[in-house]
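Descriptive analysis of the structure
Read off the chains here:
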Amino acid sequence: ETGVTQSPTHLIKTRGQQVTLRCSSQSGHNTVSWYQQALGQGPQFIFQYYREEENGRGNFPPRFSGLQFPNYSSELNVNALELDDSALYLCASSFAGSSYEQYFGPGTRLTVT
Amino acid sequence: TQLLEQSPQFLSIQEGENLTVYCNSSSVFSSLQWYRQEPGEGPVLLVTVVTGGEVKKLKRLTFQFGDARKDSSLHITAAQPGDTGLYLCAGRGSTSYGKLTFGQGTILTVHP
């Protein structure tokens, strides 16, 4: 069984740029959620995708957007990067209809300078 | 807005001591999960509790879900240096999707 994978591991971007982060869900899972974790804090929910559509969204601006593909992999796009976007971005996969247990990938560390 | 208050924020103990981490909310959660996270890695799921009053044991770790499903605790018996890490509680509300609301975490350090 393949776990959740994310790429890239680390990324450095300049304020105002755009970034795309990628996630492959665990085999058998059909739902992907994205979280932002600032240093020293718990993860904050960005949004969730199910059947290639956004299925719920946290308190993040529209410049945070995503996609889910037919193979259940997903992308997180962030436009007009700000310094406060520097964080660990976590992807979690789950199977809708179960207890929604979410399994996390290792994360992408984004630094905005 | 659902919030989870986790305490204590930091815990530094000696090997062999017992400890308890608390997770409290004014909101009801349909389930609550506990995760452990190492630096630079993603959270690893330890347990999910679903029923009010439920108690689950995982070796030296005991997890309890409050009767009203608003709070939870994690108790570690005879802590070991390998238990060092960030412990996170996360609750799922009653919405149709699986958004998790996380506590701010407890950084546990176990000294040999």
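Quick caveat: nothing in here was measured; it's all calculated off a predicted structure.

**Some thoughts on the overall build of chain B**
When helices and strands are tallied, chain B shows 0 helices and 11 strands. Starting at the N terminus and walking to the C terminus, you meet the elements of chain B as β-β-β-β-β-β-β-β-β-β-β. For a compact globule of 112 residues, the expected C-alpha radius of gyration is about 13 Å, and chain B comes in at 14 Å, within 12% of that figure. Judged by the C-alpha coordinates and their principal axes, chain B covers about 45 × 30 × 20 Å. For chain B, the residues scored as buried account for 46% of the 112 residues in total. Intrachain contacts of chain B at a sequence separation of at least 6 include 55% that bridge at least 24 residues.

**Quick notes on the overall build of chain A**
Each helix and strand counted, chain A has 0 helices and 11 strands in total. Tracing chain A from N to C terminus, the helices and strands come up as β-β-β-β-β-β-β-β-β-β-β. Relative to the 2.2 N^0.38 estimate, which gives 13 Å for 113 residues, the radius of gyration of chain A is 13 Å and therefore close to what a compact globule would have. For chain A, the spread of C-alpha atoms along the principal axes amounts to about 40 × 25 × 25 Å. Long-range contacts, defined here as pairs at least 24 residues apart, represent 53% of the contacts in chain A between residues at least 6 apart. When the accessible surface of chain A is split by element, carbon and sulfur atoms take 48% of a total near 5,300 Å². Here chain A carries 7 positive and 9 negative side-chain charges, and the mean point of each set is 8 Å from the other.

**Looking at the sheet that holds strand E7 (residues 61-65) of chain B**
All names here are of chain B. Taking strand neighbours across the sheet as the criterion, the 5 strands line up as E1-E3-E8-E7-E6 in an open arrangement whose pairing is antiparallel. Two strands close off the open sheet at either side, each with one partner strand: strand E1 (5-7) and strand E6 (55-58). Here the average twist between neighbouring strands, direction ignored, is 15°. In this structure, strand E3 (residues 19-24) lies alongside strand E8 (residues 71-76), joined through 6 bridges in antiparallel fashion. Within E8, the position partnered with Asn24 by the bridge is Asp71.

**Some thoughts on the sheet that holds strand E8 (residues 74-78) of chain A**
All names here are of chain A. Pairing is antiparallel across the open sheet formed by 4 strands, whose spatial order is E1-E3-E8-E7. In this open sheet, the two strands that pair with only one neighbour each are strand E1 (5-7) and strand E7 (64-68). Neighbour-to-neighbour, the strand axes of the sheet open up by a mean angle of 20°, direction not taken into account. Across 5 bridges, E7 lies against E8 in antiparallel orientation. In the strand pairing of E8, Gln68 is matched with Ser74.

**Quick notes on the packing of aromatic side chains**
According to the stated counting rule, one finds 9 aromatic pairs over all chains in the structure shown. Taking 5.6 Å as the distance between ring centres and 65° as the angle between the ring planes, the aromatic pair formed by Tyr35(A) and Phe45(A) counts as edge-to-face. You can see Tyr35(A) sitting in strand E4 (residues 31-37) and its partner Phe45(A) sitting in strand E5 (residues 44-50), a full 10 residues away along the chain. Seen in terms of ring centroids, Phe104(A) and Phe102(B) are 6.0 Å apart; in terms of plane orientation they differ by 75°. Their pairing is edge-to-face. Of the two residues, Phe104(A) sits in strand E10 (residues 103-104) while Phe102(B) sits in strand E10 (residues 100-102), which places them in two different chains. The structure contains a cluster of three or more aromatic residues connected by ring pairs, namely Tyr35(A), Phe45(A), Phe104(A), Tyr35(B) and Phe102(B).

**A word on the nonpolar core**
Counting 21 residues, the largest nonpolar core has Ile13(B), Leu19(B), Leu32(B), Trp34(B), Leu74(B), Ile76(B) and Leu108(B) as the members making the most contacts within it. Elements that contribute at least two residues to this core include exactly strand E2 (10-14), E3, strand E4 (31-37), strand E5 (44-49), E7, E8, strand E9 (85-92) and strand E11 (106-111) of chain B. Leaving out residues up to four positions away in the same chain, Leu32(B) has contacts with Leu4(B), Cys23(B), Val47(B), Thr48(B), Val49(B), Phe65(B), Ser72(B), Cys89(B), Ala90(B) and Gly91(B). Formed by 20 residues, the second largest nonpolar core is a distinct cluster that contains Leu21(A), Cys23(A), Phe60(A) and Leu110(A).

**With respect to the pattern of salt bridges**
All names here are of chain A. Under the counting rule described, the total for this entry stands at 7 salt bridges over all chains. Here Glu75 and Arg22 are joined by a salt bridge, their closest N and O atoms 3.5 Å apart. One end of the pair, Glu75, is in strand E8; the other, Arg22, is in strand E3 (residues 19-24), with 53 residues separating them in the sequence. Accessibility expressed as a relative area gives 42% for Arg22, which makes it partly exposed. One salt bridge connects Arg63 with Glu82, and the closest N-O pair in it is separated by 3.3 Å. With Arg63 in the loop between strand E6 (53-57) and E7 and Glu82 in the loop between E8 and strand E9 (87-94), this pair connects stretches of sequence that are 19 residues apart. Under the relative-accessibility criterion, Arg63 is labelled buried at 16%.

What counts, and at which threshold
Once a new chain begins, its residue numbering starts again from 1 and follows that chain's sequence as written. Written order determines the labels here, with chains lettered from A and ligands numbered from 1. With pLDDT at 70 or above as the cut-off, local features in this predicted model cover only qualifying residues; side-chain atom pairs require 80 or more to be listed or tallied, and sums for whole chains, interfaces and linings still use all residues. Calculated side-chain values reflect all of the structure's heavy atoms, with hydrogen atoms and water omitted. Each helix is a run of H or I in the DSSP string that is no shorter than four residues. Each strand is a run of E no shorter than two, and both are numbered from the N terminus. Our radius of gyration is a C-alpha quantity, and the globule rule it is checked against amounts to 2.2 Å times the number of residues to the power 0.38. Three labels apply to residues, based on accessible area from a 1.4 Å probe with only protein chains included: buried if under 20% of the type maximum, exposed if over 50%, partly exposed otherwise in between. Any pair of residues with heavy atoms lying within 4.5 Å of one another is described as a contacting pair. Reported accessibility uses the Shrake-Rupley method at a 1.4 Å probe radius. Residues are deemed covered only where the shown protein chains occlude them. In this tally Asp and Glu are treated as negative and Lys and Arg as positive; neither His nor the chain ends contributes. Think of each charge as sitting on NZ of Lys, CZ of Arg, CG of Asp or CD of Glu. Here a strand pair is declared whenever DSSP counts at least two bridges between the two strands. Each axis is a line fitted through C-alpha atoms, and for a helix only the stretch in contact is used; angles between axes span 0 to 180 degrees, taken between their N-to-C directions. Two rings belonging to Phe, Tyr or Trp (six-membered ring only in the last case) form a pair when the distance between their centres is within 6.5 Å. Interplanar angles under 30 degrees mark stacking, angles over 60 mark edge-to-face geometry, and anything in between is tilted. To qualify as a nonpolar core, a set must consist of buried Ala, Val, Leu, Ile, Met, Phe, Trp, Tyr and Cys residues joined through side-chain atoms within 4.5 Å. A carboxyl oxygen of Asp or Glu within 4 Å of a side-chain nitrogen of Lys or Arg is what we treat as a salt bridge.

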